[in-house]
Amino acid sequence: MPEARETAVYTHGHHESVLRSHTWRTAANSAAYLLGALEPHMRILDIGCGPGTITADLAGLVPDGHVTGLDREPGILERARAVAGERELTNVDFAVGDVHALDFPDDTFCVVHAHQVLQHVGDPVRALREMKRVTKPGGFVAVRDSDYAAMTWYPPSPGLDDWLELYRRVARANGGEPDAGRRLKSWALAAGLTDVTATSATWTFSAPGERAWWSGLWADRTVASVYADRAVEGGHATREQLRAVAGAWREWGGREDGWFSVLHGEILCRKEA
Ligand SMILES: C[S@@+](CC[C@H](N)C(=O)[O-])C[C@H]1O[C@@H](n2cnc3c(N)ncnc32)[C@H](O)[C@@H]1O
């Protein structure tokens, strides 16, 4: 395997409060912009697959093809293998790797996909160059990332303003770019991709169950994940400030009129044939 090149720290880690969000994800709610390009025989690489629920959905959509899920963290791949096993998928495998230095020959995959990954990496343009390199001519590089500065909610909450400001500061200190969604097209062009279709899409959390889930996972993540430790160790917040932010999340979650929107940038790039 090529030497790993990652310089960033993965901001969230894989605490249970983080996986609560990741395992909710499906190809339908997180990769709709890509689905029209898929064909049953395709070979797909899903980079930063995490616990693999999107990976498993993609495998179901290419029954005559194959999906490889790749992540830099070996531990999370056990979880992804279990998800694939529960669904009795036979066309999926998993590998440890770094998006900056992929251990695959040129022109290997029909689709190279990454969901909520490039915001966490040290060099997203280099990552996209690697993704392009391992994509077959005529194939697709498909990327989707949220854009924290564009997230918006109601009712106004000074505590959630603090959350957003703190999250963006910690993510940048970890070497990532939390406002990645708006930058994807620019990164793709810098990486030499020329046929780039850029779109956006949102997740909305407002119904009682959605508010309870979204606010609960952020409240827990704020006090009990790698993110919390990095915030404190980096001098960005005290434990008491983190508890106040978690309280603001719970308060927002209890508001009947609560509404939260997560904007994502998306790029579907065709590699020249
Ligand atoms: C926010 S999670 C997204 C997981 C999954 N794609 C999803 O949307 O549910 C980001 C994942 O990218 C992985 N990751 C971070 N940096 C990486 C790198 N340089 N190469 C490969 N994977 C990386 C992390 O370990 C983590 O599992």
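Model, not experiment: these values are computed from the prediction.

Okay, the pattern of salt bridges next. For the coordinates displayed, the defined rule picks out 17 salt bridges. Here Arg182 ties to Asp147 by a salt bridge, and the two come within 2.7 Å at their closest N and O atoms. Taken together, the residues Arg182 in the loop between α7 (158–173) and α8 (184–190) and Asp147 in the loop between β5 (135–146) and β6 (152–154) connect sequence positions 35 residues apart. For Arg182, a relative accessible area of 54% translates into the label exposed. In this structure, the salt-bridge partner of Arg250 is Asp220, at a minimum N-O distance of 2.6 Å.

Neighbouring residues of the ligand: 21 residues in total, closest Glu6, Arg25, Gly48, Asp71 and His115. Between the ligand and His14 there is a distance of 2.9 Å, counted from an oxygen atom to a side-chain nitrogen or oxygen. At a separation of 2.8 Å, an oxygen atom of the ligand approaches a polar side-chain atom of Arg25. Isolated, the ligand exposes 600 Å² of accessible area, and the fraction of that covered by the protein chains is 98%. Here the ligand occupies the largest cavity. Split by residue class, the shell around the ligand holds 6 nonpolar, 9 polar and 6 charged.

Time to look at the packing of α7 against helix α11 (residues 239–253). The contact between α7 and α11 brings their axes to 8 Å, and the two run at 125°. By the angle between their axes, α7 is oblique relative to α11. Handedness of the α7/α11 crossing: left-handed. Counted together, Gly159, Leu160, Asp162, Trp163 and Leu166 of α7 and Leu242, Val245, Ala248, Trp249 and Trp252 of α11 form the full contact between these two elements. In terms of residue class, the contact of α7 with α11 is made up of 8 nonpolar, 1 polar and 1 charged.

Residue Pro155 follows Tyr154 across a cis peptide bond; omega there is -5°. With respect to the secondary-structure elements, Pro155 resides in the loop between β6 and α7. Unusually for a residue other than glycine, Asp107 sits at a positive phi of about 55°. Mapping Asp107 onto the fold places it in the loop between β3 (92–96) and β4 (109–115). Positive phi, normally seen in glycine, also occurs at Gln116, with a value near 60°.

Another aspect to go through is the confidence of the model for the chain. Considering every residue of the chain, the mean pLDDT works out to 96; 99% of them sit at 70 or more. Least confident of the elements in the chain is helix α1 (residues 16–22), whose mean pLDDT is 83; most confident is β4, at 99.

Another aspect to go through is the UniProt feature "domain: Methyltransferase" (unreviewed entry) in the chain. The feature "domain: Methyltransferase" (unreviewed entry), as given by UniProt, occupies residues 39–167 in the numbering adopted here. Structurally, residues 39–167 is divided into 33% helix and 29% strand, and its ends, taken at the C-alpha atoms, are 38 Å apart.

Summed over the entire model, instances satisfying the criterion amount to 25 aromatic pairs. Measuring from centroid to centroid gives 5.7 Å for Trp214 and Phe260, while their planes differ by 65°, and the two rings are edge-to-face. One end of the pair, Trp214, is in helix α9 (residues 208–224); the other, Phe260, is in strand β8 (residues 259–270), and 46 residues separate them in sequence. Per residue, the accessibility class of Trp214 equals that of Phe260, and both read buried. Between Trp218 and Trp249, the ring centres sit 6.1 Å apart and the planes meet at 10°, which makes this aromatic pair stacked. You can see Trp218 sitting in helix α9 and its partner Trp249 sitting in helix α11, a full 31 residues away along the chain. Residue placement shows Arg221 over the ring face of Trp218; its charged tip is 4.3 Å from the ring centre.

This part takes up empty space enclosed by the protein. If you walk through the whole model with that rule in mind, you get 1 cavity of 30 Å³ or more. Volume-wise, the largest cavity comes out at about 550 Å³. Taken together, 39 residues form the lining of the largest cavity, with Tyr10, Gly48, His115, Gln116 and Val117 sitting closest to its centre. Class assignment of the residues belonging to the lining of the largest cavity gives a composition of 15 nonpolar, 16 polar and 8 charged.

Cut-offs used in this document
Residues numbered from 1 in each chain as written. Predicted model: local features only at pLDDT ≥ 70, side-chain atom pairs only at ≥ 80, totals over all residues. Heavy atoms only, no water. Salt bridge = Lys/Arg side-chain N within 4 Å of Asp/Glu carboxyl O. Helix = DSSP H or I, 4+ residues; strand = E, 2+ residues; numbered from the N terminus. Buried < 20%, exposed > 50% of the residue type's maximum accessible area, 1.4 Å probe, protein only. Near = heavy atom within 4 Å. Polar contact = N/O pair within 3.5 Å; in protein donor to acceptor, adjacent residues only side chain to side chain. Areas by Shrake-Rupley, 256 points an atom, 1.4 Å probe, with all protein chains shown as cover. 1 Å grid on protein atoms, 1.4 Å probe; cavity = no way out; pocket = protein on both sides within 12 Å on 5 of 7 lines; lining within 4 Å. Sits in = over half its atoms within 2 Å of the grid points. Nonpolar A, V, L, I, M, F, W, Y, C, P; charged D, E, K, R; others polar. Axes fitted to C-alpha atoms, helices over the stretch in contact; angles between N-to-C directions. Parallel < 35°, antiparallel > 145°, perpendicular 65-115°, else oblique. Left-handed = near helix turned anticlockwise from the far one by under 90°. Contact = heavy atoms within 4.5 Å. pLDDT = per-residue confidence, 0-100. UniProt positions renumbered as here; feature names shortened; annotations may be inferred. Phe/Tyr/Trp six-rings, centres within 6.5 Å; stacked < 30°, edge-to-face > 60°. Lys NZ or Arg CZ within 6 Å of the ring centre and 35° of its normal. Points joined across faces, edges and corners; volume = space filled by probe spheres on them.

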